[in-house]
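# Structural overview
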Amino acid sequence: MKSAVETLNPTRVRLTVEVPFEELKDSLDAAYKKINQQVTVKGFRKGKIPARVIDQRFGRGAVLEEAVNDALPKFYTEAVNEAELNPLGQPEVDITELKDGETLNFTAEVDIRPTIEIPDYSGIEVTVDAVEVSDEDVEKAVSDLRERFASTSPVERAAQDGDVVTIDLEAKVDGEVLEDGVAEGVSYTIGSGELLDGIDEAVKGLEAGGEATFTSQLKGGSAEGKDSEVTVKVTQVAARELPELDDDFAQLASEFDTLDELKADSRKRLENMKQFDQATQAQERVLDELLKITEVPIPEKLLADEIQTRKHNLEHHQLGQMGLDLAKYLEIQGKTQEEFDAETEEAAVKGIKTQFILDELVNKEKLNVNQEELTEHLVRRAASSGMSPDQFAQAVVEGGQVPMLVGEVARGKALAVVVEAAKVVDTNGEAVDLEDDEDEVEAAAETVEAVVDGGAEEKTEA
């Protein structure tokens with residue numbers, strides 16, 4: 001077999017392959033054997049029909065077609081390996097010449113990973129938010145915790161903000177009660193905004209047994225989006241009682257003995273959260289700077305497929321779970337179709353560039369993924385998917401997705417290398433130290449996933 005490579009553009013090549021006919025022998029034998037098992041000829045046992053009889057009865061062309069279909073993948077792969085290409089997706093194959101007993105010639109056009117020159121990234125500089133926790137932040141955290149331990153008790157007075165009322169609802173559209181427009185015994189906290197627009201004003205001032213009617217646009221159900229006349233009846237008013245902020249509360253709500261210890265722990269937790277947010281912000285901004293300084297040609301077909309996949313996932317998975325279609329989603333977001341298309345393309349380009357650049361960095365820096373790193377990543381992915389680690393691991397193995405997970409961790413390590421080399425300062429001008437530890441690598445992997453996710457992993461056919 002002889003092959004040659006013609007570069008059509010930085011991301012696409014054409015392979016020209018010439019195969020001597022004798023190299024088709026194994027595929028021809030397999031073709032005769034396959035046809036033998038599929039046909040019946042009087043006078044011959046099944047599977048024992050001579051090749052010359054098959055040629056006479058069914059045509060030599062049918063045998064050649066079967067043999068070529070069997071042989072093409074093997075010769076294509078050999079040509080790819082010989083040229084040391086990294087193809088993306090399936091090739092477009094064209095048989096240019098097939099002479100029985102002489103030769104098989106074909107061409108194969110395929111997208112390839114572009115050659116990427118990684119620039120010096122040690123000069124990247126980014127600014128991130130400073131880690132600052134105010135007394136007000138701590139007080140709010142303790143107050144939120146206090147709200148969780150609030151109790152309620154019925155009261156004989158008119159409902160007011162913050163009360164928990166038990167209500168019955170009846171919704172009418174055009175004077176008719178909706179089949180799904182009746183609800184009884186609904187618990188609602190006045191001011192929470194969790195039910196219908198206008199309900200707070202309707203129930204405030206009502207005592208148990210009181211009733212009011214108001215108009216509101218329905219947020220769901222059979223008459224979603226329509227104006228409805230809603231009748232609400234209050235069956236109980238309960239006041240929320242907050243525990244005193246003292247040492248007893250600290251012992252009730254935590255493992256601490258005093259309120260001061262609880263506040264100190266709350267401050268530490270807030271600092272840890274802000275440090276994590278700061279690290280994520282640094283990773284995102286360093287990645288953006290790396291994308292700006294690196295030239296990456298994008299294969300047209302890969303981009304088109306990625307855009308289509310992202311749209312499909314949004315429409316048929318994410319929006320479907322929320323009971324929305326694309327038109328309603330765009331209305332809520334206040335976007336036109338053109339704006340949505342432009343944003344989707346921009347995100348797809350960023351995802352592909354990120355994957356290409358970080359994969360190149362993995363090779364350049366010779367980064368490897370050990371079993372501990374892979375296991376930690378698998379556990380996190382399992383938790384985000386709602387599966388146990390064992391279930392997730394089994395699904396990954398059965399789906400042949402282990403290389404995909406390895407790639408995700410490796411890209412996280414590559415980004416962590418770039419972040420470590422970059423200069424990161426906070427808004428106070430202080431240098432930020434982001435250590436390249438296991439937690440940092442996993443956080444970086446999560447940052448990369450957020451950019452690359454939304455489309456199918458690009459497949460390399462080798």
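Residues numbered from 1 in each chain as written. Predicted model: local features only at pLDDT ≥ 70, side-chain atom pairs only at ≥ 80, totals over all residues. Heavy atoms only, no water.

Per an unreviewed UniProt entry, the chain is named Trigger factor, and its organism is Streptomyces noboritoensis. Taken verbatim from the UniProt record of the chain, the Sequence similarities (unreviewed entry) comment is "Belongs to the FKBP-type PPIase family. Tig subfamily." (UniProt positions renumbered as here; feature names shortened; annotations may be inferred.)

### Re helix α9 (residues 326-333)
Side chains of residues three or four places apart in an α-helix project in the same direction, reflecting 3.6 residues per turn. Regarding α9, the residues found buried are L326, Y329 and L330. All buried residues of α9 fall inside an arc of 95° around its axis, so they share one side. In α9, the exposed positions that point more than 90 degrees away from the buried face belong to A327, E331 and I332. Residue G334 follows α9 closely and has a positive phi angle near 70°. (Buried < 20%, exposed > 50% of the residue type's maximum accessible area, 1.4 Å probe, protein only. Helix = DSSP H or I, 4+ residues; strand = E, 2+ residues; numbered from the N terminus. Arc of directions from axis to C-beta.)

### Comments concerning the packing of helix α7 (residues 259-293) against helix α10 (residues 337-364)
The packing of two helices is summarised by the inter-axis angle and the distance between the axes. Running from N to C, α7 and α10 point in directions that differ by 90°, and their axes come no closer than 10 Å. Taken together, the axis directions place α7 and α10 in an arrangement best described as roughly perpendicular. Contacts between α7 and α10 pair L287, D288, L290 and L291 from the former with K350, K353, T354, I357, L358 and L361 from the latter. In terms of residue class, the contact of α7 with α10 is built from six nonpolar, one polar and three charged. (Axes fitted to C-alpha atoms, helices over the stretch in contact; angles between N-to-C directions. Parallel < 35°, antiparallel > 145°, perpendicular 65-115°, else oblique. Contact = heavy atoms within 4.5 Å. Nonpolar A, V, L, I, M, F, W, Y, C, P; charged D, E, K, R; others polar.)

### Here's the deal with the sheet that holds strand β1 (residues 2-9)
On the basis of which strands lie adjacent, the open sheet formed by four strands has the order β1-β2-β4-β3 and antiparallel pairing. Of all strands in the sheet, those with a lone pairing partner are β1 and β3 (87-99), marking the two edges. For this sheet the average axis-to-axis angle between neighbouring strands, irrespective of direction, equals 20°. Across nine bridges, strand β2 (residues 12-20) lies against strand β4 (residues 103-112) in antiparallel orientation. Residue pairing in the sheet places V19 in a bridge with L104 of β4. (Pairing = 2+ DSSP bridges.)

### Topic: the UniProt feature "domain: PPIase FKBP-type" (unreviewed entry) in the chain
The positions UniProt marks with the feature "domain: PPIase FKBP-type" (unreviewed entry) are residues 162-215. Helix makes up 9% of residues 162-215 and strand makes up 54%, while its end C-alpha atoms are separated by 22 Å.

### What about the packing of aromatic side chains?
Under the criterion given, the structure shown has one aromatic pair. The interplanar angle of 90° and the centroid separation of 6.1 Å between the aromatic rings of F149 and F249 together place this pair among those described as edge-to-face. Of the two residues, F149 is situated in the loop between α4 (135-148) and β6 (151-154) and F249 in helix α6 (residues 247-253); the sequence distance between them amounts to 100 residues. (Phe/Tyr/Trp six-rings, centres within 6.5 Å; stacked < 30°, edge-to-face > 60°.)

### Some remarks on unusual backbone geometry
Positive phi values are uncommon outside glycine, yet D174 reaches one of about 55°. One non-glycine residue, K366, adopts positive backbone phi at about 55°. Turning to its location among the elements, K366 is positioned in the loop between α10 and α11 (371-385).

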